[in-house]
Amino acid sequence: QVQLVESGGGLVQPGGSLRLSCAASGSIFGINHIAWYRQAPGKQRELVALITSGGSTDYTDSVKGRFTISGDNAKNTVFLQMNSLKPEDTAVYYCNAAIGSRWDLYWGQGTQVTVSS
């Protein structure tokens, strides 16, 4: 079993920054990638950023140049640094991990990010 615990969400003004953390524990051998998704009210969950086991990263167009995903292998933690936040970034942010040869998917409980003045 795999546990993913997100933290770091909160309320921030437009133009501000937040750093989200996703701590992984349990049977995490063979992680293929860890990703951040978000879901705003009334909208579908969307992929925000992804980092592979090899360190490659990818971002959705709307966050390129503003968000950075990174990992600390020693702490089994992935971070999402979010700068120049906009009201449209408001959503619940979820951590997702794809593990093993079957690419089993695991989700965290989510953390709320609200960008508002």
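Located above this text is the structure these notes cover.
Just so we're clear, the structure is a prediction, and the values are computed from it rather than from any experiment.

Rules used in this analysis
- Residues numbered from 1 in each chain as written.
- Predicted model: local features only at pLDDT ≥ 70, side-chain atom pairs only at ≥ 80, totals over all residues.
- Heavy atoms only, no water.
- Disulfide = S-S within 2.5 Å.
- Helix = DSSP H or I, 4+ residues; strand = E, 2+ residues; numbered from the N terminus.
- Pairing = 2+ DSSP bridges.
- Axes fitted to C-alpha atoms, helices over the stretch in contact; angles between N-to-C directions.
- Core = buried A, V, L, I, M, F, W, Y, C linked by side-chain atoms within 4.5 Å.
- Buried < 20%, exposed > 50% of the residue type's maximum accessible area, 1.4 Å probe, protein only.
- Salt bridge = Lys/Arg side-chain N within 4 Å of Asp/Glu carboxyl O.

Draft legend 1. Representation of the state of the cysteines. Overall, the coordinates contain one disulfide when judged by the stated rule. Covalent S-S linkage joins Cys-22 and Cys-95, the inter-sulfur distance amounting to 1.9 Å. Where Cys-22 bonds to Cys-95 through sulfur, the torsion about that S-S bond is close to -75 degrees, and the disulfide is left-handed. Residue Cys-22 is found in strand 3 (residues 18-26), and its partner Cys-95 is found in strand 9 (residues 91-99); the two are separated by 73 residues along the sequence.

Draft legend 2. Local environment of the pairing of strand 3. In terms of strand pairing, strand 1 (residues 2-7) meets strand 3 through six bridges, oriented antiparallel. When the sheet's bridge partners are listed, Gln-3 is paired in strand 3 with Ser-25. Across six bridges, the pairing between strand 3 and strand 8 (residues 77-82) is antiparallel. Each bridged residue has a counterpart across the sheet, and for Cys-22 the counterpart in strand 8 is Val-78.

Draft legend 3. Geometry of the sheet that holds strand 3. Overall, antiparallel pairing links the four strands, which are arranged 1-3-8-7 in an open sheet. What marks the edges here is a single partner per strand, and that holds for strand 1 and strand 7 (67-72). In this sheet, neighbouring strand axes are inclined to one another by 15 degrees on average, regardless of whether the strands run parallel or antiparallel.

Draft legend 4. Broad picture of the nonpolar core. Judged by nonpolar contacts, the single largest core of 29 residues is most densely connected at Trp-36, Val-48, Phe-67, Ile-69, Leu-80, Met-82 and Tyr-93. Counting residues per element, the ones that place at least two in this core are strand 1, strand 3, strand 4 (31-39), strand 5 (46-52), strand 7, strand 8, strand 9 and strand 11 (111-115). With five residues, the top contributor of residues to this core is strand 9.

Draft legend 5. Molecular detail of the pattern of salt bridges. Inspection of every chain in the model, using the stated rule, returns five salt bridges. Taking the shortest distance from any N to any O, the salt bridge between Lys-64 and Asp-61 comes out at 3.1 Å. Residue classification places Lys-64 among the partly exposed positions, given a relative accessible area of 47%. Two residues, Asp-104 and Arg-102, come together in a salt bridge whose shortest N-O distance is 3.2 Å.

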